[in-house]
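Now for the letters of each chain:
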Amino acid sequence: MDERIHEHAAVLVDWSAQIEAGDDVVVSVGEGAHDLAVAVAEALGERGANVVTTYNSEEVQRAYLRAHEGDFELPEHELVLYEAADSVLFLSGTRNTAATADVPTETRQAYGRATNEVREARMDTDWVSTVHPTRALAQQAGMSFEEYADFVYDAILRDWEELADEMANMKEILDAGSEVRIVKEDTDLTMSIEGRTAVNSAASVVYDSHNLPSGEVFTAPVEDAVEGEVYFDVPMTLEGQRVENVHLTFEDGEVIDFSAGAGEDALAGILDTDEGARRLGELGIGMNRGIDRFTDSILFDEKMGDTIHLAVGRAYGSCLPEGEDGNQSAVHVDMITDMSEESFIEVDGEVVQRNGTFRWEDEFDD
């Protein structure tokens, strides 16, 4: 086994999930993530955790959803599992990135609504999601498998404490701010962040960060205070379909018009899931410069330096004042735009990033 797999497992268990002896841990294993699952299981055993392993396959999910009549019920047995867990580790590693492309949109929506309580229970644990390199993901990224594996481990095996210190600059700005404006070609969007808390997402639950790799600072816009238009020029795969050149127009916080150069039906299916799916749940600013190219994987692409991403749908509770629900939805779908050229981000009228460079960096052009 590649020694980097064991290093990946150690970072996941120790830094990201902070697993301790006696913790009840659910490990959700993707169909291509077997080797990482073996290394993670060994690490969890060494630390004295209690482990339950589940199998997460897109092809299995497709078979179930296509065979079902569509009148889904809340899976109480799954809910009980996550309500009892301290941590959930998601080890992604698909063998077919388009495995669920032919599942009807209305079926996806119905299943998402029926299982929303399960999803909330998972989110209430110290959960962490990561990815194991597979040939399908390498192909989707346009790389050889060996090249893609190097890319993955360059993004994951890094000095997370050092990056956390740098990202603290952006968190401080957002925590003190009231309004964010994003400007680039075909984009001029303003949103209120009044009273919201930014998360320094440094790949550890200590920072209320749940992805490995990570490397972003994110917050939750006020759901009825988003105005303007935004263009997402980074392609993505949504529900197994290629989606490109997305344009959204917001009024009073709601998407009132949308288009896509490809995959518009998939985009429409997301936005029509429920009322909250047409409002923003997240503004994220990518700061991981160990990720140096787009790979059509949201786990990596949204963390890339010189990007921002906006998510329609559910807002994360970590960004909200106590007692406030924020935007609620059965979906949380991120879309990315490149901020490396002819662009800027303002907070309360002051430019904090121009052409991908932050104002505390030496190269910043004021």
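Residues numbered from 1 in each chain as written. Predicted model: local features only at pLDDT ≥ 70, side-chain atom pairs only at ≥ 80, totals over all residues. Heavy atoms only, no water.

Quick look at the sheet that holds strand E8 (residues 211-212)
To keep it simple, the criterion reads: Two strands form a pair only when DSSP identifies at least two bridges running between them. Numbering goes from the N terminus for both helices and strands, where a helix is a DSSP run of H or I of at least four residues and a strand is a run of E of at least two. Two residues qualify as a contact provided that any one of their heavy atoms is within 4.5 Å of a heavy atom in the partner residue. Each axis is a line fitted through C-alpha atoms, taken for helices only over the stretch in contact, and angles between the N-to-C directions span 0 to 180 degrees.
The strand order across the open sheet formed by five strands is E2-E1-E3-E4-E8, and the pairing between neighbours is parallel. Each having just a single partner strand, strand E2 (50-56) and E8 make up the two edges of the open sheet. Inspection of the sheet shows strand E1 (residues 24-30) paired to strand E3 (residues 87-92) by five bridges, in the parallel sense. Across the sheet, residue Val27 finds its bridge partner in E3, namely Leu89. Those strands touched by helix H2 (residues 34-46) are E1, E2, E3 and strand E4 (128-131), and its axis lies near 155° from that of E3.

What to know about the domain arrangement of the protein chain
Heads up, the rule is: Each domain span listed reflects an automatic or database assignment of domains. The term buried area denotes the loss of accessible surface (1.4 Å probe radius) that occurs when two parts are joined, taken as the sum for both partners. We define a salt bridge as a side-chain nitrogen of Lys or Arg found within 4 Å of a carboxyl oxygen belonging to Asp or Glu.
Taken domain by domain, the protein chain comprises domain 1 (3-156) and domain 2 (160-358). Of note, the centres of domain 1 and domain 2, computed from C-alpha atoms alone, are 23 Å apart. At the interface, 37 residues of domain 1 touch 31 residues of domain 2. Of the roughly 2,800 Å² buried at the junction of domain 1 and domain 2 (both faces included), carbon and sulfur atoms supply 57%. Between the two partners, domain 1 and domain 2, sit two salt bridges. Arg293 is the partner of Glu147 in a salt bridge, and the nearest nitrogen-oxygen pair spans 3.0 Å.

Notes on the nonpolar core
Test applied: As used in this record, nonpolar core signifies buried Ala, Val, Leu, Ile, Met, Phe, Trp, Tyr and Cys residues forming a set joined through side-chain atoms within 4.5 Å. Per-residue accessibility, obtained with a 1.4 Å probe over protein chains only, is compared with the maximum for each type, and a residue is labelled buried under 20%, exposed over 50%, and partly exposed between these values.
Counting 86 residues, the largest nonpolar core has Leu91 and Leu248 as its most contacted members. Each of domain 1 (3-156) and domain 2 (160-358) accounts for three or more of the residues forming this core. With nine residues, the next largest nonpolar core counts Tyr82, Val88, Ala121 and Trp127 among its residues.

A few points about the packing of aromatic side chains
Selection rule: Classification of ring pairs rests on two measures: the distance between centres of Phe, Tyr or Trp rings, Trp counted by its six-membered ring, which must be within 6.5 Å, and the angle between planes, read as stacked under 30 degrees, edge-to-face over 60 and tilted in between.
Enumeration according to the criterion identifies nine aromatic pairs in this entry. A ring pair is formed by Phe218 and Tyr316, whose centres lie 5.8 Å apart and whose planes are at 65°; its orientation type is edge-to-face. With Phe218 in strand E9 (residues 216-219) and Tyr316 in the loop between strand E15 (307-313) and strand E16 (332-338), the pair connects residues that are 98 residues apart, well separated along the chain. For Tyr316, a relative accessible area of 22% gives the class partly exposed. By way of ring pairs, the aromatic residues Tyr64, Phe72 and Tyr111 are connected into one cluster.

Here's the deal with the pairing of E15
Each regular strand carries side chains that alternate between the two faces of the sheet. Burial runs high along E15: seven of the seven residues are buried. Two elements, strand E14 (residues 280-286) and E15, share five bridges in a ladder whose sense is antiparallel. If you follow Leu283 over to E15, its bridge partner there is Leu310. Where E15 lies against E16, seven bridges are found, and the strand directions are antiparallel. Note on E16: the bridge partner recorded for Leu310 is Met335.

Concerning the side chain of Asn200
By the secondary structure assignment, Asn200 is in strand E7 (residues 199-201). When neighbours within four sequence positions are excluded, Asn200 is seen to be in contact with Ala164, Met167, Ala168, Lys171, Tyr207, Ser209, Glu216 and Val217.

Focus on the sheet that holds E9
Here we have five strands laid out as an open sheet, ordered E7-E9-E14-E15-E16, and antiparallel in their pairing. The open sheet is flanked by E7 and E16, the only strands paired with a single partner. Geometrically, the sheet is characterised by an average inter-axis angle of 25° between neighbouring strands, direction not taken into account.

Remarks on a negative patch on the surface
Quick reminder of the rule: Two distance rules govern patches: like charges are joined within 9 Å, and nonpolar side chains (Val, Leu, Ile, Met, Phe, Trp, Tyr) within 5 Å, applied only to residues with over 30% relative accessible area and no salt bridge. Note on areas: these come from Shrake-Rupley sampling with a 1.4 Å probe, and a residue is covered only by the protein chains present in the view. Working convention for charge: Lys and Arg count positive, Asp and Glu count negative, and His plus the chain ends are omitted. Charge positions come from single atoms, namely NZ of Lys, CZ of Arg, CG of Asp or CD of Glu.
A surface patch of like charges, here negative, comprises Asp24, Asp86, Asp126 and Asp208. Structurally, Asp86 is set in the loop between helix H4 (76-84) and E3.

Overview of the pattern of salt bridges
Scanning the model with the defined rule gives 25 salt bridges in all. A salt bridge links Arg196 to Glu324; its shortest N-O distance comes to 2.6 Å. Placement of Arg196 in the loop between strand E6 (187-192) and E7 and of Glu324 in the loop between E15 and E16 is noted, with a sequence separation of 128 residues between them. Residue Arg196 is classed as buried on the basis of its relative accessible area, which comes to 5%. A single salt-bridge network, built from bridges that share partners, covers Asp2, Arg4 and Asp150.

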